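A look at the structure
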Amino acid sequence: MIRFILRRILAAIPIGLIVTLGVFALVFAMPGDPLRELAGDKPIPAAVLAAKRAQYHLDDPFIVQYLLSMKDMFTGHFGTTFAGADIADQLRLRIPVTLKLATLGLVFQWIAGLLFGLYAGFKRNGVMDRLLLLATLVVLAVPGLVLYFTGQYLFGVELKWLPVSGTRDGWPMSYLLPAICIGITGFAGLARLTRTSIVDTANSDFVKTARAKGLGEQRILWRHVLPNALLPVVTLMGIDFAGIFAGAVLAESIFNLPGLGQFMFQAIKLKEGGVVVLLSTLAFLMFILINLAVDVIYGAIDPRVRNV
Amino acid sequence: MTTPGEVLLKVDDLTVEFDTPHGPVRAVDGVSWQVRAGETLAILGESGSGKSVSTQALTGILEMPPGRIVSGTAEYRGADLIAMTVKERRKIVGDRITMVFQDSLSALNPVQSVGTQIAECYRVHRGLSKKDALKRAAEMLDQVRIPAAARRVRDYPHEFSGGMRQRVMLAMALALDPDVLIADEPTTALDVTVQAQILELIADLQAERDMGVVLITHDLGVVSDVADNVVVMYAGHVVERASTAEALDHPVHPYTEGLLGSMPSADLKGQELPTIPGTPPSLRAIPSGCAFRTRCPMAIDECAKEVPPLLTVAPGRDAACILRTSISEREAV
Ligand SMILES: Nc1ncnc2c1ncn2[C@@H]1O[C@H](COP(=O)(O)OP(=O)(O)O)[C@@H](O)[C@H]1O
Ligand code: SF4
Ligand SMILES: [Mg+2]
């Protein structure tokens, strides 16, 4: 088990380097000069500009810039943004915001996905099953952006049930609407998979065996169908978990929540390569950890997969 | 306790249809047979002839819908399984009548240890504690001759070989000392030596318990090795019923004859196996009259007129062929 985890972490290192390098290259390749954009129309004294350029290694070759950013990051010298904010402070303030939003969004997504999926699977071809199919098609057809804006307008602006944006109303009020939006965009896939998996498993041979053993329907469902049907569902829940941060970036920008997603958005706009790489690395670490957790859990629930 | 020779399971005029998008199809048509204590009854037929559907329908494990029992009774010691409620049937199917299936890997729950799965029979039907049930499960594994049974109860299905896994299936089916075992192609997925071992094991356990065995197979060799009596099915119909010895020595129905011709036997060794030309009909296009007539070497125009009834040609011998039943009856006089 320990060896399995170590092996996975070691394998992740080169992938992580490639990913962050790729992200850095993308930022580097973007048009425009970062410091000029920050300054806007105001002229900047040549000396100040030169000092800034040196501070952010902007005149070094691409690969040197990348390596210096990586070195700063791993030695804990996060430095400041172009605008002068302390990056470590920013992280301390922003990480909780993103975590709260992502967790709440994930909870909505998982609960809705599992509930609808289980119910549709148990009562296949019933009313709920058909409604779910319809809902899935709608959610898949409507882009996330449209859904977010619609949610914001309907429940925030028109009905005034929930705050339109910002974090002034604190936890959990400020987070409810964006989290619900995240949940709605993501639950349908999970529900469909859960439903399909239950229906498939209910038709499998071992369920026939269970019937031939004279077991009651409830026992067959809970002891034989569900433990098998939920195996692929656990995997998808892990993927959802890892992907929830993508939803968070969008939601934070639209609902103006000061989290990591918004930070990333601003950093990309300003071509702040260092910040972008730092945040990408964080996201990547999260991704690796979640996948590792999914594999460990999967090994525990499926005896055919033993992670040794 | 059963008394020797007692009729345990008596199936009468069982007809099963499936509702398909193209309309109903009849997979089992007027099937009748019975099995006695201590007897091994083989149900023989090519793939798709309705062997599995008929046994699954009478035990109530067939998915219904799309399946539908159109008519028939299946009496376990006088009580009709088909007419009784699900609750009543669960006290018999799984306890007094049990089943094993062909593919033991897919027929066992992959995420439960084999011990837990066997123990479940004792827990549900006998109300035993977890600990006692597991102990009994280990004893059952030992009875089906799985080495190191006490240790292997904790193993999962995928950790057994095909033959060992079929023994696990048997252990589960025999855990409650059933009166009737329905074995649906229990050895088809196994290689020949393992196949022989499993058949021998079934025979031994049957002798110990005086159990009735319904053995479904498409292998005439298996029939000749272990069956006392045989029911031959074709396209959902029973076409011949006889003791194994009679059926093998003097087949009455041309289909049984054809199957015999396709069995590898001593004098055929080294030669090409003769098989019955053609394939079984699709359920959506069963020929009028005798379903076998499209492949029957002696079919005449008469055969297309009506479905030949299953007639007794001699004591304990029935066949459904207009040519053979009339000839035999004439000869019998
Ligand atoms: N769910 C179903 N829907 C329609 N036809 C079915 C269904 N299940 C089985 N059948 C048909 O019933 C016939 C008998 O099948 P089966 O009893 O499994 O044959 P076998 O004799 O090989 O066990 C086959 O032709 C099969 O296609
Ligand atoms: S009834 Fe006719 S077609 Fe059918 S088996 Fe007899 S001879 Fe052949
Ligand atoms: Mg079959």
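Residues numbered from 1 in each chain as written. Chains lettered and ligands numbered in written order. Predicted model: local features only at pLDDT ≥ 70, side-chain atom pairs only at ≥ 80, totals over all residues. Heavy atoms only, no water.

Focus: the overall build of chain B
Helix and strand counts for chain B stand at 12 helices and 12 strands. The dimensions of chain B, computed from C-alpha atoms along their principal axes, are 65 × 50 × 45 Å. Scored against the burial criterion, the 333 residues of chain B give a buried share of 51%. For chain B, restricting intrachain contacts to residue pairs at least 6 apart in sequence, the fraction spanning at least 24 positions comes to 64%. Taken as a whole, chain B presents about 14,700 Å² of accessible surface, with 53% of it coming from carbon and sulfur. Distance between charge centroids for chain B: 7 Å, based on 33 positive and 44 negative side chains. (Helix = DSSP H or I, 4+ residues; strand = E, 2+ residues; numbered from the N terminus. Buried < 20%, exposed > 50% of the residue type's maximum accessible area, 1.4 Å probe, protein only. Contact = heavy atoms within 4.5 Å. Areas by Shrake-Rupley, 256 points an atom, 1.4 Å probe, with all protein chains shown as cover. Lys, Arg positive; Asp, Glu negative; His and termini not counted. Charge placed at Lys NZ, Arg CZ, Asp CG, Glu CD.)

Quick word on the side chain of B:Glu120
Note on placement: B:Glu120 falls in helix H4 (residues 114–126). Reaching out from B:Glu120, the side chain makes a polar contact with the side chain of A:Lys213 at a distance of 2.9 Å. Not counting residues up to four positions away in its chain, the partners in contact with B:Glu120 are A:Lys213, A:Leu215, A:Arg219, A:Arg223, A:His224 and B:Gln112. (Polar contact = N/O pair within 3.5 Å; in protein donor to acceptor, adjacent residues only side chain to side chain.)

Some thoughts on the site of ligand 2
Taken together, 13 residues form the shell around ligand 2, and within it B:Cys290, B:Arg293, B:Cys296, B:Cys303 and B:Cys321 come nearest. Residue composition of the shell around ligand 2, by class: 11 nonpolar, one polar and one charged. (Near = heavy atom within 4 Å. Nonpolar A, V, L, I, M, F, W, Y, C, P; charged D, E, K, R; others polar.)

Quick look at the UniProt feature "transmembrane region" (unreviewed entry) in chain A
All names here are of chain A. Here the UniProt feature "transmembrane region" (unreviewed entry) sits at residues 9–30, 101–119, 131–155, 175–193, 229–255 and 275–301. The span residues 131–155 is 92% helix and 0% strand, and its two end C-alpha atoms sit 23 Å from each other. Helix and strand shares over residues 175–193 are 100% and 0% respectively, and the end C-alpha atoms of the span are 27 Å apart. (UniProt positions renumbered as here; feature names shortened; annotations may be inferred.)

Structural notes on the interface of chain A and chain B
Facing the 23 residues of chain A at the interface are 24 residues of chain B. In total, chain A and chain B occlude about 2,100 Å² of area from one another, counting both sides; carbon and sulfur atoms represent 55% of this. At the surface where chain A touches chain B, the tally comes to three salt bridges. Residues B:Glu120 and A:Arg219 are paired through a salt bridge, measuring 2.7 Å at the closest nitrogen-oxygen approach. The interface formed by chain A and chain B contains 13 residue pairs in polar contact (both at pLDDT 80 or more). Broken down by secondary-structure element, the contributors of at least two residues to the side of chain A that touches chain B are helix H9 (205–212) and helix H10 (217–254) of chain A. For the side of chain A that touches chain B, the class distribution of residues is seven nonpolar, six polar and 10 charged. (Buried area = accessible area lost by both parts, 1.4 Å probe. Salt bridge = Lys/Arg side-chain N within 4 Å of Asp/Glu carboxyl O.)

A short note on the sheet that holds strand S11 (residues 311–314) of chain B
All names here are of chain B. Strands sit in the order S6-S7-S8-S3-S9-S10-S12-S11 across an open sheet of eight strands; the sheet is mixed. Two strands close off the open sheet at either side, each with one partner strand: strand S6 (97–100) and S11. Going from strand to strand, the sheet's axes swing by 20° on average, the running direction of each strand aside. Bridge analysis of strand S10 (residues 237–243) against strand S12 (residues 317–319) gives two bridges, and the strand direction is antiparallel. When the bridges of S12 are listed, Glu 240 appears paired with Ala 319. (Pairing = 2+ DSSP bridges. Axes fitted to C-alpha atoms, helices over the stretch in contact; angles between N-to-C directions.)

A short note on the packing of aromatic side chains
Under the criterion given, the structure shown has six aromatic pairs over all chains. Seen from their ring centres, A:Trp110 and A:Phe241 are 6.0 Å apart, and the 80° between their planes marks the pair as edge-to-face. Of the two residues, A:Trp110 sits in helix H5 (residues 87–122) while A:Phe241 sits in helix H10, which places them 131 residues apart along the sequence. The partly exposed category is assigned to A:Phe241, whose relative accessible area is 28%. Aromatic side chains B:Tyr234 and B:Phe292 sit 5.0 Å apart centroid to centroid with 80° between the ring planes, which places their arrangement in the edge-to-face category. Taken as a pair, B:Tyr234 in strand S9 (residues 229–234) and B:Phe292 in the loop between helix H11 (254–261) and S11 lie far apart in primary sequence, 58 residues in all. Overall, B:Tyr234 belongs to the buried group, its relative accessible area being 2%. Feature note: the residues B:Tyr234, B:Tyr255 and B:Phe292 constitute an aromatic cluster, connected by ring pairs. Sitting over the ring of B:Phe160, B:Arg152 keeps its end group 4.0 Å from the ring centre. (Phe/Tyr/Trp six-rings, centres within 6.5 Å; stacked < 30°, edge-to-face > 60°. Lys NZ or Arg CZ within 6 Å of the ring centre and 35° of its normal.)

Considerations on the UniProt feature "domain: ABC transporter" (unreviewed entry) in chain B
Per the UniProt record, the feature "domain: ABC transporter" (unreviewed entry) sits at residues 9–260 of chain B. This span, residues 9–260 of chain B, is 40% helix and 28% strand, and a straight line between its end C-alpha atoms measures 28 Å.

With respect to the nonpolar core
Residue and element names in this part refer to chain B. Counting 75 residues, the largest nonpolar core has Leu 9, Trp 33, Leu 81, Ile 118, Leu 141, Leu 170 and Leu 181 as the members making the most contacts within it. For this core, the leading source of residues is helix H7 (residues 162–174), giving seven residues. If you look at the next biggest cluster of nonpolar residues, it comprises 21 residues, including Ala 42, Leu 44, Leu 220 and Tyr 255. (Core = buried A, V, L, I, M, F, W, Y, C linked by side-chain atoms within 4.5 Å.)

What about the pairing of S11(B)?
Residues and elements named next belong to chain B. As paired elements, S11 and S12 share three bridges and run antiparallel to each other. Bridged to Thr 312 within S12 is Asp 318. Counted between consecutive antiparallel strands, the loop separating S11 from S12 contains two residues, among which Gly 316 sits at a positive phi close to 75°.

Section: H5(A)
For H5(A), which comprises 36 residues, the first-to-last C-alpha distance of 50 Å matches the rise-based estimate of 52 Å (1.5 Å per residue) to within 8%. The largest bend in H5(A) amounts to roughly 30° and is located at A:Arg94, with the proline A:Pro96 lying one to four residues further along. (Expected span 1.5 Å × (residues − 1). Bend = angle between axes of the 7 residues up to and from the residue.)

Examining the site of ligand 1
Residues and elements named next belong to chain B. As a matter of local geometry, ligand 1 sits amid 13 residues, with Gly 48, Gly 50, Lys 51, Ser 52 and Val 53 nearest to it. Within the backbone of Gly 48, an N or O atom sits 2.7 Å from an oxygen atom of ligand 1. Within the backbone of Val 53, an N or O atom sits 2.8 Å from an oxygen atom of ligand 1. Those elements that place two or more of their residues in the shell around ligand 1 are strand S1 (7–20) and helix H1 (51–59). Here the element with the most residues in the shell around ligand 1 is H1; it accounts for three residues. Along the lines of polarity and charge, the residues of the shell around ligand 1 split into five nonpolar, six polar and two charged.

Re the environment of A:Ile44
Residue and element names in this part refer to chain A. Counting through the fold element by element, Ile 44 comes out in the loop between helix H2 (34–39) and helix H3 (46–55). Judged by its relative accessible area of 25%, Ile 44 is partly exposed. Counting along the chain gives 129 residues from Ile 44 to Met 173, while the straight-line C-alpha distance between them is 43 Å.

Re the confidence of the model for chain A
Scored by pLDDT, chain A comes out at a mean of 82, with 95% of its residues at no less than 70. For chain A, the element scoring lowest by mean pLDDT is H2(A), at 66; H9(A) scores highest, at 94. (pLDDT = per-residue confidence, 0-100.)

Observations concerning the domain arrangement of chain A
Split into domains, chain A comes out as domain 1 (1–75) and domain 2 (87–270). A separation of 33 Å is found between the C-alpha centroids of domain 1 of chain A and domain 2 of chain A. (Domains from an automatic or database assignment.)

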